[in-house]
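# Observations on the model geometry
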Amino acid sequence: MSNRWKIACLDVWEQDVQDATRAVAPDDFDLHFATSYDDAEQLGLAADSDFILAGWSPVPAAMIEGSPKVRMVHKWGIGFDKIDLEACRKAGIPVLITAGANKGPVAEHTIMLMLAVYRQLGRMDQGIRGGRWLKKEARSATRRLDGKTVGLLGFGNIGRMVAQKIRGFDVDLTYYDIQRADRETEKELGIRFVSYDDLLSSSDVLSLHVPLDDGNWPIYGPSPIPWDSPNQVPIEMTRADMDRIKADFVAATERALLAGFDMVELHCAHGYLLSSFITPLSNHRTDAYGGSLENRIRYPLEVFEAMRAVWPSDKPMAVRLSATDWVVGQGMDGDQSVRVAAAFREAGADLIDVSAGQTTPKARPVYGRMFQTPFSDQIRNAVGCATMAVGNIYEPDHVNSILAAGRADLVALARPHLLDPNWTLRAAAELAYRGADVPRQYAAGFDQLARNLERAQQMEFRA
Ligand SMILES: Cc1cc2nc3c(=O)[nH]c(=O)nc-3n(C[C@H](O)[C@H](O)[C@H](O)COP(=O)(O)O)c2cc1C
């Protein structure tokens with residue numbers, strides 16, 4: 001006998017939408033739609049369901065507790081503030097989210113608003129409502145959108161959709177975002193990237209697609225210094241904030257343990273919270289957590305120690321550092337990072353993951369092959385601790401020479417794996433290394449590559 005699944009659809013949908021949904025649902029899904037947002041009806045609907053589908057309607061703890069068969073809550077649309085996540089977590093029920101598909105309508109409203117302003121629609125509307133047809137006045141006052149410079153501040157999903165839809169109006173399109181889009185997208189949408197100041201001074205129409213000034217998720221830091229001019233200003237952390245956030249780190253460590261992770265790495269690099277305490281470029285505090293290096297690492301160390309206390313001593317912990325800020329004569333450098341690494345080691349760190357930079361937009365990295373490895377070398381050999389080298393390491397020979405020369409104990413590669421997820425297996429085949437852990441399903445591919453490479457090498461040798 002086949003299993004039938006009862007789906008409680010908590011939102012009230014029109015009959016034709018219900019029919020269309022039923023038409024595409026799998027045969028063994030029984031869809032039950034709410035007819036009202038009445039609490040009792042909603043609870044009753046969910047009570048003997050296997051899945052809950054919710055949009056606007058809340059999924060409170062009482063619903064989770066009163067629905068013993070439920071195995072998943074699916075929320076459509078952004079945001080899960082109406083779902084009692086704690087109750088779901090307790091009951092071991094996963095919560096799934098499908099982001100809303102509203103960028104099209106928002107973009108169209110944006111363009112309609114621009115047209116309404118240019119075509120004096122508000123005034124015309126008022127005139128008509130007052131019984132006057134403002135043809136003459138409107139003709140002289142109405143402007144056209146073509147040829148105007150439309151500046152988009154924020155180039156996320158909605159900004160891009162506006163760009164796509166407004167192209168037909170023959171406007172000159174520019175944008176600014178803290179992250180520049182790739183050149184192909186710019187070309188495809190016929191849009192130019194300009195600086196924030198140029199956007200403000202050159203746009204006839206400025207269309208904002210950035211988060212609100214108010215009501216945002218607040219960000220915290222050692223000092224109220226934003227990353228760059230249009231970024232949010234962090235709240236300078238009080239001691240109470242430090243305690244609360246330290247407790248969050250500890251809770252995350254406990255969850256990692258529960259989830260069965262083997263290692264935890266505390267991120268003290270790349271401008272994240274603890275990194276911004278360590279570098280004097282973002283820490284301007286005058287209390288016990290700012291000023292000297294000892295003071296600046298006090299809070300990161302405190303967090304580390306609290307995590308170490310709940311993380312089993314037989315499981316390793318790593319700390320990621322930005323060994324330099326890449327600003328000449330300012331900020332962190334290799335020598336100071338040796339002291340930071342020594343302090344973390346003293347506190348029980350088993351590995352220092354040595355990265356660099358990304359702590360300030362003023363950074364001018366000296367980029368090249370294995371460019372961060374000298375810092376790993378310096379920390380490993382000055383402190384006598386295990387390190388991991390990262391950064392533009394992309395050949396098996398790089399990895400082996402770093403390890404053989406004692407410049408690191410581990411080497412991690414990121415970007416080479418983006419296009420070649422089996423980079424490590426390929427390297428093993430190239431080096432005729434037979435100890436690699438090849439998944440059984442891939443063994444034939446590994447053997448073939450190793451054989452072909454060996455043969456090619458022999459041919460080369462003979463030639
Ligand atoms: C897609 C991608 C995402 C990354 N995300 C993070 C991150 O969240 N935190 C972090 O510390 N480093 C992150 N990195 C940086 C890598 O950890 C690594 O240090 C950096 O890419 C340099 O190594 P590579 O030259 O081998 O790519 C990311 C790198 C890539 C390519």
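Residues numbered from 1 in each chain as written. Predicted model: local features only at pLDDT ≥ 70, side-chain atom pairs only at ≥ 80, totals over all residues.

Another aspect to go through is the overall build of the protein. Regarding its fold elements, the protein presents 20 helices and 16 strands. At 29 Å, the protein has a C-alpha radius of gyration far larger than the 23 Å of a compact globule built from 463 residues. Projected onto the principal axes, the alpha-carbon positions of the protein cover approximately 85 × 70 × 65 Å. Buried residues in the protein amount to 28% of all 463 residues. Within the protein, counting contacts between residues at least 6 apart in sequence, those at least 24 apart form 55% of the total. (Helix = DSSP H or I, 4+ residues; strand = E, 2+ residues; numbered from the N terminus. Rg over C-alpha atoms; globule rule 2.2 N^0.38 Å. Buried ≥ 20, exposed ≤ 12 C-beta atoms within 10 Å, placed from the backbone. Contact = placed C-beta atoms within 7 Å.)

Moving on: the sheet that holds strand 6 (residues 149–153). Taken in spatial order, the four strands make up an open sheet running 8-7-6-9, and their pairing is parallel. Edge strands, defined here as strands with exactly one partner in the open sheet, are strand 8 (191–193) and strand 9 (205–208). Within this sheet the neighbouring strands show an average axis-to-axis angle of 25 degrees, counted without direction. As judged from the three bridges shared by strand 7 (residues 172–176) and strand 8, these two strands associate in the parallel manner. By the bridge assignment for strand 8, Leu173 is matched with Ile191. Helix 8 (residues 157–166) rests against strand 6, strand 7, strand 8 and strand 9 of the sheet, and its axis sits at about 160 degrees to strand 6. (Pairing = 2+ DSSP bridges. Axes fitted to C-alpha atoms, helices over the stretch in contact; angles between N-to-C directions.)

Turning next to helix 2 (residues 39–47). For helix 2, the full list of buried residues reads Gln42, Leu45 and Ala46. For helix 2, the angular spread of buried residues about the axis comes to 90 degrees, placing them on one side. On its buried side, helix 2 packs onto strand 1 (5–9), strand 2 (29–33), strand 3 (51–54) and helix 3 (61–65). (Arc of directions from axis to C-beta.)

Let's shift gears to the site of the ligand. The environment of the ligand is formed by Ala269, His270, Arg320, Ser355, Val390, Gly391, Asn392, Ile393, Leu413, Ala414, Arg415 and Leu418. Tallied by class, residues from the shell around the ligand come to six nonpolar, four polar and two charged. (Near = placed C-beta within 6 Å. Nonpolar A, V, L, I, M, F, W, Y, C, P; charged D, E, K, R; others polar.)

This next bit is on the pairing of strand 13 (residues 317–322). For strand 13, the tally of buried residues reaches six of six residues, placing the bulk of the element in the interior. Relative to strand 13, strand 12 (residues 264–268) is paired through five bridges, and the arrangement is parallel. The residue bridging Cys268 from the neighbouring strand is Leu321, located in strand 13. Pairing of strand 13 with strand 14 (residues 351–355) involves five bridges; the strand directions are parallel. Within the sheet, the bridge partner assigned to Ser322 lies in strand 14 and is Ser355. Between strand 13 and its parallel partner strand 14, the chain crosses via helix 15 (residues 334–346), and the hand of that crossover is right-handed. (Right-handed = clockwise from strand over helix to strand, strands pointing away.)

Turning next to the sheet that holds strand 1. Ordered in space as 2-1-3-4-5, the five strands form an open sheet in which the pairing is parallel. At either end of the open sheet lies a strand with only one pairing partner, and these are strand 2 and strand 5 (95–98). Going from strand to strand, the sheet's axes swing by 20 degrees on average, the running direction of each strand aside. With five bridges joining them, strand 1 and strand 2 adopt parallel strand pairing. Note on strand 2: the bridge partner recorded for Cys9 is Phe33.

For helix 6 (residues 121–129), the buried fraction is low: zero of the nine residues fall into the buried class. Just downstream of helix 6 lies Gly131, where phi reads positive at about 85 degrees.

A few words now on the packing of helix 15 against helix 16 (residues 373–383). Interhelical geometry of helix 15 versus helix 16 gives an angle of 50 degrees and a closest axis separation of 9 Å. With respect to helix 16, the axis of helix 15 lies oblique. Between helix 15 and helix 16 the crossing geometry is right-handed. In this structure, helix 15 contributes Gly334, Ser337, Val338, Ala341, Ala342 and Arg345 to the contact, and helix 16 contributes Phe375, Gln378, Ile379, Ala382 and Val383. Looking at side-chain class alone, the contact of helix 15 with helix 16 contains seven nonpolar, three polar and one charged residues. (Parallel < 35°, antiparallel > 145°, perpendicular 65-115°, else oblique. Left-handed = near helix turned anticlockwise from the far one by under 90°.)

A word on the nonpolar core. By size, the foremost hydrophobic cluster in this structure holds 45 residues, and its most contacted members are Val319, Leu321, Ala341, Ile352 and Ile379. Broken down by element, the residue count for this core peaks at five residues, all from helix 14 (residues 298–310). Apart from residues no more than four positions distant in its own chain, Ala341 is found in contact with Leu321, Ile352, Ile379, Val383 and Cys385. (Core = buried A, V, L, I, M, F, W, Y, C linked by C-beta atoms within 7 Å.)

Along the chain, Pro26 falls in the loop between helix 1 (15–24) and strand 2. We classify Pro26 as exposed; it has 6 C-beta atoms within 10 Å. Along the chain, Pro26 and Ala240 lie 214 residues apart, while their C-alpha atoms are 52 Å from each other.

Let us now look at the environment of Met237. One can find Met237 in the loop between strand 11 (235–236) and helix 11 (239–258). Between the C-alpha atom of Met237 and that of Ser223, which follows or precedes it by 14 residues, the distance is 7.3 Å. Excluding anything up to four places from it in sequence, Met237 contacts Tyr220, Gly221, Pro222 and Met242.

Right, let's get into the pairing of strand 7. Taken across its five residues, strand 7 has four buried, putting it largely inside the fold. Bridge count between strand 6 and strand 7: five bridges; the pairing is parallel. Looking across to strand 7, one finds that Thr149 is bridged to Asp172. Crossover connection from strand 6 via helix 8 to parallel strand 7: handedness right-handed. Chirality of the crossover, the property in question, places the unit of strand 7, helix 9 (residues 183–189) and strand 8 among those that are right-handed.

Two numbers describe how helix 19 (residues 423–430) lies on helix 20 (residues 443–462): the axes approach to 8 Å, and their chain directions differ by 40 degrees. The orientation of helix 19 relative to helix 20 falls into the category oblique. Classified by chirality, the crossing of helix 20 by helix 19 is right-handed. Mapping the contact onto sequence places Leu425, Arg426, Ala429 and Glu430 in helix 19 and Phe446, Leu449, Ala450 and Leu453 in helix 20. For the contact of helix 19 with helix 20, a count of residues per class yields six nonpolar, no polar and two charged.

Any functional reading would require information beyond the geometric quantities listed.
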